[in-house]
Amino acid sequence: MFFPGDGSPEEEPDFIAASNWRKFMSRNWRKFMSRTANLAGPRSRTGMVVLCLALTAGFAPLASAQEQPAFNEHAGTLPDGTAWLIRVPENWNGRLLRDLDFASNVSVASAVQRYDDLLGRGYAFAGLARHPLRLWQYDPQREILNLQAVQDIFTDLERAPDMVLQYGCSGGGLDSLASAEDYPDRIDGAAVLAAHTPVWIMSSFLDGWFAMQTLLGESYEAAGHGPASDLAIVGLPNAGAGGERSLDAIRASWMAAIETAGESPEGRARLALAFAIGQWSPWMVEGTELPDTADAGAMADMIVASALRIGGNVGGSSRLLFENAASGQQLSGNEGVDYAAFYQNAAPAMARTVEALYEQAGLDLQADIARIDAAPRIAASDYARDFWAADGRTTTGDLQVPAIRIHMLGDWAIPYTLMEGYGALVQEQGTGDLYRQSLVQGTGHCEFTAAESTAIVETLVERIETGAWPETSPEALNAAAEALETGSAPRFIEHGDWRVAAYNRPWVPAE
C-alpha cells in the first residue's frame, strides 16, 4: 500500500496489482495460511504557529503513559518551495533532531508514536516535507543543505541546540549517513533508519530483476501472455521519456509472469534463486509471520507472495526517481558481474531454500545460474554515476561522527542487506568505532516502533556524551527499549542465517 509521505523512498506510488494479488491468494489461501501463521498527505503552511497543545483530532494517541507533550511550533517554506516544520517541547532538553520527513510524517499514524515519544522526552524536531517535484528532481545533497537551513531557522527562532542529531528513515536515512560522512560540522551524530543508497539499492534490485527476466520469460510465453521481451526492467517510460509500451502495460506483464511462476515448482524455485542472487528478503508482506526457514514450501509461498508484493515496482523500488535525478540515465548495470559468485554470497537461509526447491522441481541449479551469467548485460551510465558520486548522494563508510543504523528484515522497499554491506564498509574504512547497527524482525517500510526508535536515539546520545558505545547487542537494545516504557515492543534480532557472506553491490566512487 502507498501512503503519501509515509517515509517511503518512492515518490512514484507503490504499485500493487490488487486484482492479481487477490486472484493468486484466493487460489492459494489455504496452503499459504497453513504454512505461514498469518498472512495523510504532506502539510505545507507558511504561517507561524505557537504553543500547540494537542494533535489534530483523529490521530492515534500516544501508547505510553506520557500525555501528548506541549510544544511550540513554527512552520514555513524555504525559497525552493520545500515546506519546513519545527516543534520544541516545553521540557526541551537542548537536543535537536533534524528529520527530512518531519513535516510530511508528523501526522502519519505509523510515525506519530515515534515522534511523540521523543518529543515527550524533551527532544525538539526540525524537518522538511518532501518537495512536490521530488520524483523529477530528487537530490539528497540539496535535502541536506535544506536541513541545515532549517537548523539555522531553529537557532534564530529558539536558540542554538546543545546537541544536533540527524534522524531519518529511507531517503532520510541516506541523508543521515551522508550528513555523518560529508557534512559532520553541523551535527553531533546520526540515527539511521532503513536507509537507501541510490547506486547500491538499484544495483541490488537490478540483480534480482535481471535473474527473473532471464528465467521467467519462457513460462510467460508458454502461458500465452506475450513475448518475453514484454518483461522490461530498464529504459522504463515515465513522464520524461516515451516507449513502445506504457509503464502500466509493463507492470501488468510482470505481475502475470510472477503469478505464472508461482503456480509451478519450477517457477517457484526460479523466483527463489532470483531473490537469493539479489540478496532480497523473502519476507516482504505486511501482516504475515516469518516462515520457518527449514520449511522450503513455506519459504516458497512467502517468496511468491513477496514477489507479487513488489511486482509493480518494476526494476526495483524508486528506479524512476533515481534515474530522473540524473536526467533519466541508468545508474545501475551488471557488466562484468559474476552471478555464480553472487549466489555463493547468499544468506544461508536463502541458499538452503533455493537448493531444496531446485531438487524438488528436478531442475539443474548450476545450469540456471549459467543462463543468468550468459544473458546480455546492462551498462550503467557514466553520467549517472558521476552525478551520484557527489557529496551527500552516496555513502563511502568514511564516518566523521557516530551513527547507529537499524533495518527491518522484511522491508519490501530497501533490502536489509544494504545495511550489512555498509557495516563491512565502515570496517574497511577504519571507522567502525563510530558505527553500530542492528536488524529488526518486522515487515513494511519505516514501520519502526517508538521503542526501537527511541532506544537508538538514546544509545547514540550516550555514545556522544561519553565517547563509548553502551552494549548494542540485540538483547541489550531490547532491554534498553523495554525499559523506556514506550507502550510498544522492540524486535531487535541477531542476523543469524540472514547474514550474507558478503554484500554483492557496494559502490564507492573512484577518487
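Residues numbered from 1 in each chain as written. Predicted model: local features only at pLDDT ≥ 70, side-chain atom pairs only at ≥ 80, totals over all residues. Heavy atoms only, no water.

With that settled, consider the packing of aromatic side chains. One pass over the full model with this rule turns up 16 aromatic pairs. Residues Phe-125 and Tyr-167 carry aromatic rings whose centres are separated by 6.0 Å and whose planes lie at 85 degrees to one another, so their mutual orientation is edge-to-face. Of this pair, Phe-125 sits in strand 4 (residues 124–128) while Tyr-167 sits in strand 5 (residues 163–169), and the two are 42 residues apart along the sequence. On the accessibility criterion, Phe-125 (0% relative accessible area) is buried. Ring pairs connect the aromatic residues Phe-102, Tyr-115, Phe-125 and Tyr-167, which therefore count as one cluster. Sitting above the plane of the Tyr-115 ring, Arg-114 keeps its charged end 5.9 Å from the centroid. In this structure, Arg-393 packs its charged tip against the face of Phe-387, placed 3.9 Å from the ring centre. (Phe/Tyr/Trp six-rings, centres within 6.5 Å; stacked < 30°, edge-to-face > 60°. Helix = DSSP H or I, 4+ residues; strand = E, 2+ residues; numbered from the N terminus. Buried < 20%, exposed > 50% of the residue type's maximum accessible area, 1.4 Å probe, protein only. Lys NZ or Arg CZ within 6 Å of the ring centre and 35° of its normal.)

On to helix 5 (residues 140–157). Taking 1.5 Å as the rise per residue, helix 5 with 18 residues should run 26 Å; its terminal C-alpha atoms sit 25 Å apart, in good agreement. Along helix 5, the positions that sit buried rather than exposed are Pro-140, Glu-143, Ile-144, Asn-146, Leu-147, Gln-148, Val-150, Gln-151, Ile-153 and Phe-154. The N-capping residue of helix 5, defined by a side-chain oxygen 3.0 Å from the backbone nitrogen of Gln-141, is Asp-139. (Expected span 1.5 Å × (residues − 1). Polar contact = N/O pair within 3.5 Å; in protein donor to acceptor, adjacent residues only side chain to side chain.)

What follows deals with the environment of Arg-245. In this fold, Arg-245 is placed in the loop between helix 7 (198–222) and helix 8 (247–262). Arg-245 sits in the partly exposed class, given a relative accessible area of 27%. Separated by 13 residues in the primary sequence, Arg-245 and Ala-232 place their C-alpha atoms 9.6 Å from one another. A polar contact of 3.3 Å, which involves the side chain of Arg-245, links it to the backbone oxygen of Ala-249.

This paragraph deals with the packing of helix 7 against helix 16 (residues 417–429). Look at helix 7 against helix 16: their axes get within 11 Å of each other, and the N-to-C directions meet at 130 degrees. It follows that helix 7 is oblique to helix 16 by the angle criterion. The handedness of the crossing between helix 7 and helix 16 comes out as right-handed. On helix 16, the residues that touch Trp-200, Ile-201 and Ser-204 of helix 7 are Leu-418, Gly-421, Tyr-422 and Leu-425. Residue composition of the contact of helix 7 with helix 16, by class: 5 nonpolar, 2 polar and no charged. (Axes fitted to C-alpha atoms, helices over the stretch in contact; angles between N-to-C directions. Parallel < 35°, antiparallel > 145°, perpendicular 65-115°, else oblique. Left-handed = near helix turned anticlockwise from the far one by under 90°. Contact = heavy atoms within 4.5 Å. Nonpolar A, V, L, I, M, F, W, Y, C, P; charged D, E, K, R; others polar.)

Next up on the list: the state of the cysteines. Evaluation of the coordinates by the stated rule reveals 1 disulfide. For Cys-169, the disulfide goes to Cys-446, at an S-S distance of 2.0 Å. Its S-S torsion of approximately -100 degrees makes the covalent link between Cys-169 and Cys-446 left-handed. Of the two residues, Cys-169 is situated in strand 5 and Cys-446 in the loop between strand 8 (435–443) and helix 17 (450–466); the sequence distance between them amounts to 277 residues. Overall, the relative accessible area of 1% leaves Cys-446 in the buried class. (Disulfide = S-S within 2.5 Å.)

Its location among the elements puts Thr-394 in the loop between helix 15 (382–388) and strand 7 (403–410). Between the alpha carbons of Thr-394 and Pro-198 there is a distance of 6.8 Å; along the sequence they are 196 residues apart. Thr-394 has contacts with Ala-178, Glu-181, Asp-182, Thr-197, Trp-200, Trp-388, Ala-389, Trp-507 and Pro-509, leaving out every residue within four places of it along the chain.

Without other data, these values stay purely geometric and don't point to any function.
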